[in-house]
Amino acid sequence: QVQLVESGGGSVQAGGSTRLSCTPSDFVYILGWFRQAPRKEREFVASINWNGRNSILETSAKGRFAISRDAAKNTVYLQMNSLNTEDTAVYYCAARPSVDVGWKYWGQGTQVTVSS
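First things first, this report covers the structure right here in the doc. Since this is a predicted model, take the numbers as computed values, not measurements.

So, how was this worked out
Think of each chain on its own: its residues are numbered from 1, step by step along the sequence as written. Only residues with pLDDT of 70 or above have their local features reported here, since the model is predicted, and side-chain atom pairs are shown and tallied only from 80 upward, although totals for entire chains, interfaces and linings are computed over all residues. Values reported for side chains reflect all heavy atoms of the structure, with hydrogen atoms and water molecules removed beforehand. Note on conventions: DSSP H or I runs of at least 4 residues are helices, E runs of at least 2 residues are strands, and numbering of each starts at the N terminus. Throughout, the radius of gyration refers to the C-alpha atoms, and the reference size of a globule is 2.2 Å times the residue count to the power 0.38. In this scheme, a residue with accessible area under 20% of its type's maximum is buried, one over 50% is exposed, and one in between is partly exposed, where area comes from a 1.4 Å probe on protein chains only. For this analysis, residues touch if any pair of their heavy atoms sits within 4.5 Å. Centres within 6.5 Å are what make two rings of Phe, Tyr or Trp a pair, Trp counting through its six-membered ring; a difference in plane orientation under 30 degrees is then read as stacked, over 60 as edge-to-face, and the rest as tilted. The criterion is that NZ of a Lys, or CZ of an Arg, lies within 6 Å of the ring centre and within 35 degrees of the ring normal, and then a charge sits over that ring.

Digging into the overall build of the chain
Within the chain, the secondary structure is distributed over zero helices and 11 strands. Along the chain, from the amino end to the carboxyl end, the secondary structure elements read β-β-β-β-β-β-β-β-β-β-β. Its C-alpha radius of gyration of 13 Å places the chain within 12% of the 13 Å reference for a compact globule of 116 residues. Once the C-alpha set of the chain is aligned to its principal axes, its extents read approximately 40 × 25 × 25 Å. Every one of the 116 residues in the chain was classed for burial, and the buried ones make up 41%. The contacts of the chain with a sequence gap of at least 6 include a subset with a gap of at least 24, amounting to 53%.

Next comes the structure, spelled out in structure tokens:
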């Protein structure tokens, strides 16, 4: 069982920035971020593979969010800029242990609240 430890988030003004961190307890092939806003389905935000060479950003996140990996700290970051109220959600870190396995492990979630 891989544990995912998340940190970051909180309250931020519209137009501001915040950074989320996720550290897995063991090797995972892909780490990603999802979010779930009130009364909405959970949606994919971004992902990055184990060596940091391949990353994916959901369309609305492109140009505002960036996902990166610090190999020395074994931590993945989601930098979120130009936040707006529609970004308000619980953000979840998730992991795929291998390329042929889905999102098997999930973090506890961290709240990001953007106020206007």
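What follows continues from the structure just given.
Quick notes on the packing of aromatic side chains
In the structure shown here, the tally under the stated rule is four aromatic pairs. Ring centres of Phe34 and Phe44 lie 5.6 Å apart, and the angle between their planes is 80°; this geometry places the pair in the edge-to-face category. Of this pair, Phe34 sits in strand β4 (residues 30-36) while Phe44 sits in strand β5 (residues 43-49), and the two are 10 residues apart along the sequence. Note on Phe44: relative accessible area 25%, which makes it partly exposed. An aromatic cluster of at least three residues, connected via ring pairs, comprises Phe34, Phe44, Trp103 and Trp106. Above the plane of the ring of Trp106 lies Arg42, whose end atom (NZ or CZ) is 4.7 Å from the centre.

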